[in-house]
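# Structure at a glance
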Amino acid sequence: MAILFLLELPIMQLNWVNNFGHEGLGLLLDALEKLLDKKQQENIDKKNQHKLIQCLKAFMNNKYGLQRILGDERSLLLLARAIDPKQTSMMTETVKILSAFCIIGEENILDKILAAMTIAAERNNKERFASIVEGLENHEAQQLQVACMQLINALVTSPDDLDFRIHLRNEFLRCGLKKILPELKETEELDIQLKVFNENKEEDSIELSHRLDDIRAEMEYPFVLIYR
């Protein structure tokens, strides 16, 4: 009943979320974890996983619920484990949630998301970003493709450090993104995300070029810099 009620609320009422609180969230996460741990999942299990992801999305639709989810160390790991290209609808919801977490910009949230994705990938003997790139390959699920590019952009643009941004982008490219990008069908929503990706890539290339120019100048005129 609680799950149905959560899904019926377009915008979660704060008082209800307060009452639902930590205990209710714990029950949602317990249920999701049990389903994800099942080795043989039936169709009803997959549908219930999707419903639980939708519940978490509804629960975080206010500051209190968001803080509760981010305050539970299991949340990010379970969401990372729910990045399943075989379940397109659930994966679409999941990557949207993770993108939102990146945009919120809470301290250390990027490190926590990356750590959760690393652990989830290791459980399946995959590269960290393999499932996201695999989701992009599904040309029959355009909303999933858009959501995957949104998450890629959110992850890659979040770091302030240029080297870290380049590292994350290159990790995606090595994981198959470089091959997939030219094959993506053009749609308005997807084009926007691809434009963001390419523009940020170009900006980082320019910044890196300027840095290299500064290093060359320091090497060519070391005494001028010392006595300036």
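The name given to the protein chain in an unreviewed UniProt entry is Protein diaphanous-like protein 2, and the organism recorded there is Takifugu flavidus.

## Re helix α9 (residues 142-157)
The terminal C-alpha atoms of α9 lie 22 Å apart, and with 16 residues this matches the ideal 22 Å at 1.5 Å per residue to within 8%. With twelve of 16 residues buried, α9 is to be regarded as a mostly interior element. Within α9 the residues assigned to the buried category are Leu-144, Gln-145, Val-146, Ala-147, Cys-148, Met-149, Leu-151, Ile-152, Asn-153, Ala-154, Leu-155 and Val-156.

## Focus on the pattern of salt bridges
Throughout the structure, instances matching the rule amount to 13 salt bridges. When the shortest N-O distance is used, the salt bridge between Arg-81 and Asp-37 registers 2.8 Å. Of this pair, Arg-81 sits in helix α5 (residues 73-81) while Asp-37 sits in helix α2 (residues 14-37); the two residues are 44 residues apart in sequence, bridging distant segments of the chain. For Asp-37, a relative accessible area of 42% gives the class partly exposed. Residue Asp-37 pairs with Arg-123 through a salt bridge whose shortest N-O separation is 3.6 Å. Placement of Asp-37 in helix α2 and of Arg-123 in helix α7 (residues 109-123) is noted, with a sequence separation of 86 residues between them.

## Some remarks on a negative patch on the surface
On the surface, Glu-186, Glu-188, Glu-189 and Asp-191 cluster together into a negatively charged patch. In this fold, Asp-191 is placed in helix α11 (residues 188-220). A relative accessible area of 31% means that Asp-191 is categorised as partly exposed.

Each value, and the rule that gives it
- Residues numbered from 1 in each chain as written.
- Predicted model: local features only at pLDDT ≥ 70, side-chain atom pairs only at ≥ 80, totals over all residues.
- Heavy atoms only, no water.
- Helix = DSSP H or I, 4+ residues; strand = E, 2+ residues; numbered from the N terminus.
- Expected span 1.5 Å × (residues − 1).
- Buried < 20%, exposed > 50% of the residue type's maximum accessible area, 1.4 Å probe, protein only.
- Salt bridge = Lys/Arg side-chain N within 4 Å of Asp/Glu carboxyl O.
- Patch = residues over 30% accessible without salt bridge, like charges linked within 9 Å, V, L, I, M, F, W, Y side chains within 5 Å.
- Areas by Shrake-Rupley, 256 points an atom, 1.4 Å probe, with all protein chains shown as cover.
- Lys, Arg positive; Asp, Glu negative; His and termini not counted.
- Charge placed at Lys NZ, Arg CZ, Asp CG, Glu CD.

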